[in-house]
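# Inside the fold
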Amino acid sequence: MWLGPEEVLVANALWVTERANPFFVLQRRRGHGKGGGLTGLLVGTLDVVLDSSARVAPYRILHQTQDSQVYWTVACGSSRKEITKHWEWLENNLLQTLSIFDNEEDITTFVKGKIHGIIAEENKNVQPQGDEDPGKFKEAELKMRRQFGMPEGEKLVNYYSCSYWKGRVPRQGWLYLTVNHLCFYSFLLGKEVSLVVQWVDVTRLEKNATLLFPESIRVDTRDQELFFSMFLNIGETFKLMEQLANLAVRQLLDSEGFLEEKAPPRPPPRPHRNISALKRDLDARAKNECYRATFRLPRDERLDGHTSCTLWTPFNKLHIPGQMFISSNYICFASKEEDACHLIIPLREVTIVEKADCSSVLPSPLSISTKSKMTFLFANLKDREFLVERISDFLQKMPSKPSGGSQAERKASVVDAAPEPSPAPQELSEQPARPTSPLGGLPGGRAQEAPTASQGLLRLFQRNTPVEDLGAKGAKEKMKEESWNIHFFEFGRGMCMYRTARTRELVLKGIPESLRGELWLLFSGAWNEMVTHPGYYAELVEKSMGKYSLATEEIERDLHRSMPEHPAFQNELGIAALRRVLTAYAFRNPTIGYCQAMNIVTSVLLLYGSEEEAFWLLVALCERMLPDYYNTRVVGALVDQGIFEELTRDFLPQLSKKMQDLGVISSISLSWFLTLFLSVMPFESAVVIVDCFFYEGIKVILQVALAILDANVEQLLGCGDEGEAMTVLGRYLDNVVNKQSVSPPIPHLHALLTSGDDPPEEVDIFDLLKVSYEKFSSLRAEDIEQMRFKQRLKVIQSLEDTAKRSVVRAIPGDIGFSIEELEDLYMVFKAKHLASQYWGSSRPAAVRRDPSLPYLEQYRIDAHQFRELFASLTPWACGTHTPVLAGRMFRLLDENKDSLINFKEFVTGMSGMYHGDLTEKLKVLYKLHLPPALSPEEAESALEAAHYFTEDSSSEASPLASDLDLFLPWKVQEVLQQEEREEAGNDIQDKRREEKGTSPPDYRHYLRMWAKEKEVQKETIKDLPKMNQEQFIELCKTLYNMFSEDPMEQDLYHAIATVASLLLRIGEVGKRFSAWPGRKSRDSAPDEDEPPAPDPPQDPAWELQPPAAGDPQAKAGGDTHPGKTPQESQVVGEGGGGEGRGSPSQPLSDDETKDDLSTSSYSVVSTGSLQCEDLADDTVLVGGEARSPVATTHGGGAVDTDWCISFEQILASILTESVLVNFFEKRVDIGLKIKDHRKVERQFSTSSDHEQSVVLG
């Protein structure tokens, strides 16, 4: 890396000069590389502790002139290769030019100018990519990559000086936080500590202070506990670690979750030095999330900026200090005191923004007016001009005609509208498209109005009794309505309402039924999304109508279980509305689709709002207020269950242990949280909790749950088992009543639990809420988010462990690996999949993980990743040939041809190489050299092979014995040929049937697919197709490469040379046998028909006959005689091949070979020194040149298309060589391979990846 020239006074302190010329010096840092001694140790320690720039760059180039004592740094490098490149550039481009100058000052000036020019040129090329990180930070990133072997794709977020506690000794060093890893490096007096932890492996992350570790950060994984302390700013470090770990577990939960914010936030005008662009992005993301959560804004809203100011509140005539937040669609205000005032002003409502006159009482005021005739006065703004400019910019970008008017306008238009006629049931599907929905203002008794889905179902199905006739309850309801009307008058109505402590008090006293739907929409933020997406719900309903999916099937099953006790859902009107809302949401968000409990919550939402309103409330619940609650694994509910257990320990310690022993919390909390108490409490009571939930969030649910346990402490402590505790809680909840409810009581399904001698006392829901706020109101939203993060780590890692166990259980028992080995392999496989998510940007788009798939299909890897795993785990290392073999193995395992393999397929491939006897291992190797394992480049060869297999695939006419059959009478030969043709025809039919049966099945039928895989495994060696000459050459090439690093290398080479020669001759003899009847039909001369022609010079292949006939043991390994019948010969060829005791190397001596096989490849192969390239390209095979009509040229050598060999022949030949048998039967420990793989897992560079892909083509 070129550096802006800086002066160096002492050039040789701590440095060693390696190269020099009159103008430049190349130096290496002491302690880097070999040797160094004590000085090297001290220098290394200093570099780590002091964070000198030299620590990052162990090499540097200095500029010097002969008479000057001053040196100038011009370049540094993290590797010798990098620095040498710079050195050579200087020598080639500057040395001659510099020798022309007379004045040394001119030389230095020229060099400095040239280096500055190079740097400017590099920066110019890089500039369009966005912010460049400051120099020091970039150096640290280089150091991180070099030290931990990270690829270019791994970005450093920030780095901190700290101590890592190894035992009781602190090691001072540097903590590097990257997007996917936590890394630590320390070098103290020769003791090096290097740690790399993936964020996805972190199970616990917390900041704590103990006597042993003063204010430290604890990081736990499944197998280690790490403590870091002595941070300069521990708060900032921990916050960043939390963010990175959270992003990683979000990726495990849903790989698209961490990509939500694709648009980068606006960079600050002056970035701080030594802070990366990624760090700024993460800070911006954290602020965005906090902003959206505080004001319940849509997920795509991004904070543009915030500033301190005061807000004039007319209701109490005060200027309240706080913060103003501005984003592209909203202006929000939050007071410093939590409950003093919150305000949300949608820009779509704004009509006027003006700068008011300044005064000493009201400095820098800003006035904002809205369509609902409300005016908000902000003051004490620091940069008012800029603020007004930003707001004006956003207002100009707003649609000229807002998609929805103000709430007051909407309400008026609805109230004034004439009643509609009742539509027929089939017309109801069109109703959700109507944006005119009643948001309060309609009298409660207008049940006779149109029974449409465009208003709350409760209004259609409650009694016609006016509120006045309900006595005390009616009066109470009237008072509530009046209180809210007064509140609206003082604090405003709609989105722009001032939200204060008074608002919370009114919510806690109960929202009147006529206003419930309106206020739920406002407090949840669903109103904003509904107004800005007009017609969206109707469009979804239309698209999802008639579409079938797993979600729709589940929805249909649960429709009639959704509040069946309520009259609104005892008829088709309510059921149809519920169906449409749930189906539309499943269509909008297929990741969630449909989850049990959504039906119960949605049915309640439909009681108080139109279909469209219920839909947007459901969106707010599932996607913002209860994150991850309703996905396939209910992760969010499990996380909050963990928080509930933690809070129980803190607030009710005496009960906590008992509840844990009984296992009650896990049983009760899921139903409480998922349905917001709607399924366990009488409807009239639970709906009051829902009121508070929409205003306060999950905090209320946790408070109420704690209050319920607190009210039953004594009884729960006396319980003996889980069932008894559940009964106690069930009876208590059944008797939580709402005495103020004006709705007719709805029978509660859980009333069965209340059977007993003395029913428990009734508990008023408002009393329960009051107690929950009095005793447990210390809970804060920020604390809950912190606890959620901590619990999310535990829950997701627990679910990952469950998935691992499930996948390992799905692997058949005959696979050969132990449970521990399978679990280790699974972790390696999963890590490789996740790495594609980290660094896969330069590769073809890696398939994202889909948590809705079965566990076995969730993690899959592509060919590139498989090659990397294969190279480090295979027992068949083949040097440069390994990637080719890996590619073939991948194609063999990828049966459904989707270019991805799952863990089961991966393990099957590994097992084939590690387990089983010699035959099984050879079978795998044999298949790797036949289609479909053949690579696309060998398409021509594959076509030839396919043609050959369909023409002559009889496994009974073994070429191994056919050399003897050459002497049989011609009539017998003809009969045999006829039988062969018939059998070949049968084989073709069988193959067609097989092909038909193995067409790609429907993706959902995984069980069927696995059953087929099991059937395929039952194949015998006779089912294997024969191998042609080109495939056999590839097999030999693989074997030669496989033996190249073995201790018995020379013995193995000699053995395979012998076997290859033998098999080549067997193939030749088989070819002659199969070709003979054709020759008879063409040539009628009797002298040419004589098989034992002694000396036919036109065909060198005839030279094979004397050794072939004279030494049958070399081929069959048995006492075969010419007089035997064809059937007996076939038996010997197929079954007796493995029993031979004699080694073919004895009869086939070198002298004999030179005499008899002068034109064959054996004279080359038997030397034991044949290289793969020679074998593939230059070898002339037997009969290749003379028989040109049946040979094709491929890859520079002659390849005989009629030549073939069977698996039995290869097996029989290899069995004759004990050194080959020992090689394949040798056991290899995969555990050691996995350990080695983990050590070097990240030690690869992008350049080596690129070169590998080029080799593979």
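Note: the structure precedes this text.
Before going into details, it helps to say that this report is about the structure given with it. (Residues numbered from 1 in each chain as written. Predicted model: local features only at pLDDT ≥ 70, side-chain atom pairs only at ≥ 80, totals over all residues. Heavy atoms only, no water.)

### Here's the deal with the overall build of the protein
The helix and strand inventory of the protein stands at 52 helices and 27 strands. Burial status across the protein gives 54% buried among its 1257 residues. In the protein, the share of contacts with a sequence separation of at least 24, taken over all contacts with a separation of at least 6, comes to 69%. Taken as a whole, the protein presents about 57000 Å² of accessible surface, with 53% of it coming from carbon and sulfur. (Helix = DSSP H or I, 4+ residues; strand = E, 2+ residues; numbered from the N terminus. Buried < 20%, exposed > 50% of the residue type's maximum accessible area, 1.4 Å probe, protein only. Contact = heavy atoms within 4.5 Å. Areas by Shrake-Rupley, 256 points an atom, 1.4 Å probe, with all protein chains shown as cover.)

### A word on the packing of helix 18 (residues 572-588) against helix 19 (residues 598-608)
Where helix 18 meets helix 19, the closest approach of the two axes is 10 Å, and the angle between their N-to-C directions is 120°. Relative to helix 19, helix 18 is oriented oblique. Note that helix 18 runs across helix 19; the crossing there is right-handed. Contacts between helix 18 and helix 19 involve Ala-577, Leu-578, Val-581, Leu-582 and Tyr-585 on the former and, on the latter, Met-598, Asn-599, Thr-602, Ser-603 and Leu-606. (Axes fitted to C-alpha atoms, helices over the stretch in contact; angles between N-to-C directions. Parallel < 35°, antiparallel > 145°, perpendicular 65-115°, else oblique. Left-handed = near helix turned anticlockwise from the far one by under 90°.)

### Digging into the sheet that holds strand 2 (residues 15-20)
Pairing is antiparallel across the open sheet formed by 5 strands, whose spatial order is 1-5-4-3-2. Each edge of the open sheet carries a strand with a single partner, namely strand 1 (2-8) and strand 2. Mean inter-strand twist for the sheet, computed between neighbouring axes without regard to direction, equals 30°. Each of strand 1, strand 2, strand 3 (24-29), strand 4 (59-63) and strand 5 (71-77) touches helix 3 (residues 80-93); the most contacted strand, strand 5, lies at about 130° to it. (Pairing = 2+ DSSP bridges.)

### So, the packing of aromatic side chains
Each aromatic ring pair is summarised here by two numbers: the centre-to-centre distance and the angle between the ring planes. The final tally for this structure, using the stated rule, is 46 aromatic pairs. With a centroid separation of 5.3 Å and an interplanar angle of 65°, the aromatic rings of Trp-520 and Tyr-608 are classed as edge-to-face. Linking Trp-520 in helix 14 (residues 513-524) with Tyr-608 in helix 19, this pair joins segments that are 88 residues apart in sequence. Ring geometry for Trp-876 and Phe-1224: centres 6.4 Å apart, planes at 85°, overall edge-to-face. Highlighted residues: Trp-876 in the loop between helix 32 (863-873) and helix 33 (882-893) and Phe-1224 in helix 50 (residues 1218-1225), separated in sequence by 348 residues. Here Trp-876 matches Phe-1224 in class, with each residue buried. The structure contains a cluster of three or more aromatic residues connected by ring pairs, namely Tyr-826, Phe-829, Tyr-859, Phe-866, Phe-870, Phe-890, Phe-903 and Phe-906. (Phe/Tyr/Trp six-rings, centres within 6.5 Å; stacked < 30°, edge-to-face > 60°.)

### A word on the pattern of salt bridges
For the structure shown, the criterion picks out 39 salt bridges. Across the pair Arg-516 and Glu-513 runs a salt bridge, and its minimum N-O distance is 3.4 Å. Placement of both Arg-516 and Glu-513 in helix 14 is noted, with a separation of 3 residues, approximately one turn of the helix. Here Arg-516 and Glu-513 have matching classes, each one buried. Of the charged contacts, one joins Lys-832 and Glu-868 as a salt bridge, the two residues approaching to 2.7 Å between their closest N and O atoms. Of this pair, Lys-832 sits in helix 30 (residues 819-839) while Glu-868 sits in helix 32; the two residues are 36 residues apart in sequence, bridging distant segments of the chain. Taking relative accessible area as the criterion, Glu-868 reaches 15% and is therefore assigned buried. Within this structure, Arg-204, Glu-206, Glu-646 and Lys-790 form a network of salt bridges that share partners. (Salt bridge = Lys/Arg side-chain N within 4 Å of Asp/Glu carboxyl O.)

### Quick word on the nonpolar core
In terms of nonpolar packing, the biggest core is built from 271 residues, with Phe-228, Phe-378, Tyr-630, Trp-672 and Phe-906 touching the most fellow members. Excluding its chain neighbours within four sequence positions, the residues that come into contact with Phe-378 are Cys-309, Thr-310, Leu-311, Met-324, Phe-333, Leu-343, Ile-345, Ser-364, Pro-365, Leu-366 and Ile-368. Ranked by size, the runner-up nonpolar core spans 18 residues in total, among them Phe-24, Tyr-59, Val-111 and Ile-118. (Core = buried A, V, L, I, M, F, W, Y, C linked by side-chain atoms within 4.5 Å.)

### Notes on the pairing of strand 11 (residues 216-220)
Burial of strand 11 is extensive: 5 of the 5 residues sit out of reach of the surface. Covered by surrounding structure in strand 11 are Ser-216, Arg-218 and Asp-220 together with Ile-217 and Val-219, the residues of both alternating faces. One ladder, built from 5 bridges, connects strand 10 (residues 204-208) with strand 11; its direction is antiparallel. Paired with Arg-204 across the bridge in strand 11 is Asp-220. Summarising the sheet, strand 11 and strand 12 (residues 225-229) pair through 4 bridges and their orientation is antiparallel. Paired with Val-219 across the strands is Leu-226, a residue of strand 12.

### Quick look at the environment of Gln-243
Following the sequence through the fold, Gln-243 ends up in helix 7 (residues 234-253). When neighbours within four sequence positions are excluded, Gln-243 is seen to be in contact with Leu-282, Asp-283 and Ala-286. Of the polar contacts made by the side chain of Gln-243, one reaches the backbone oxygen of Leu-282; its length is 2.6 Å. (Polar contact = N/O pair within 3.5 Å; in protein donor to acceptor, adjacent residues only side chain to side chain.)

### Considerations on the packing of helix 21 (residues 635-651) against helix 25 (residues 698-711)
One way to put it is that helix 21 packs onto helix 25 with a least axis distance of 11 Å and a crossing angle of 50°. The pairing of helix 21 with helix 25 is recorded here as oblique in orientation. Classified by chirality, the crossing of helix 25 by helix 21 is right-handed. Listed contacts from helix 25 to Asp-640, Ile-643, Phe-644, Leu-647, Thr-648 and Phe-651 of helix 21 are Ile-698, Leu-702, Ala-705, Leu-706 and Leu-709.

### As for the sheet that holds strand 13 (residues 303-313)
With antiparallel pairing, the 7 strands of this open sheet are ordered in space as 16-15-14-13-19-18-17. The strands lining the two open edges of the sheet, one partner per strand, are strand 16 (342-346) and strand 17 (350-355). For this sheet, the mean angle separating the axes of adjacent strands, direction not counted, is 30°. Note: strand 14 (residues 318-327) against strand 15 (residues 330-335), 5 bridges, orientation antiparallel. Residue Ile-326 lies in a different strand from strand 15, and its bridge partner there is Ile-331. Helix 8 (residues 277-295) contacts strand 13, strand 14, strand 15 and strand 16 of the sheet and is inclined by roughly 80° relative to strand 15. Contacts from helix 9 (residues 384-397) reach strand 13, strand 14, strand 15, strand 17 and strand 18 (366-370) within the one sheet, and its direction differs from that of strand 17 by about 160°.

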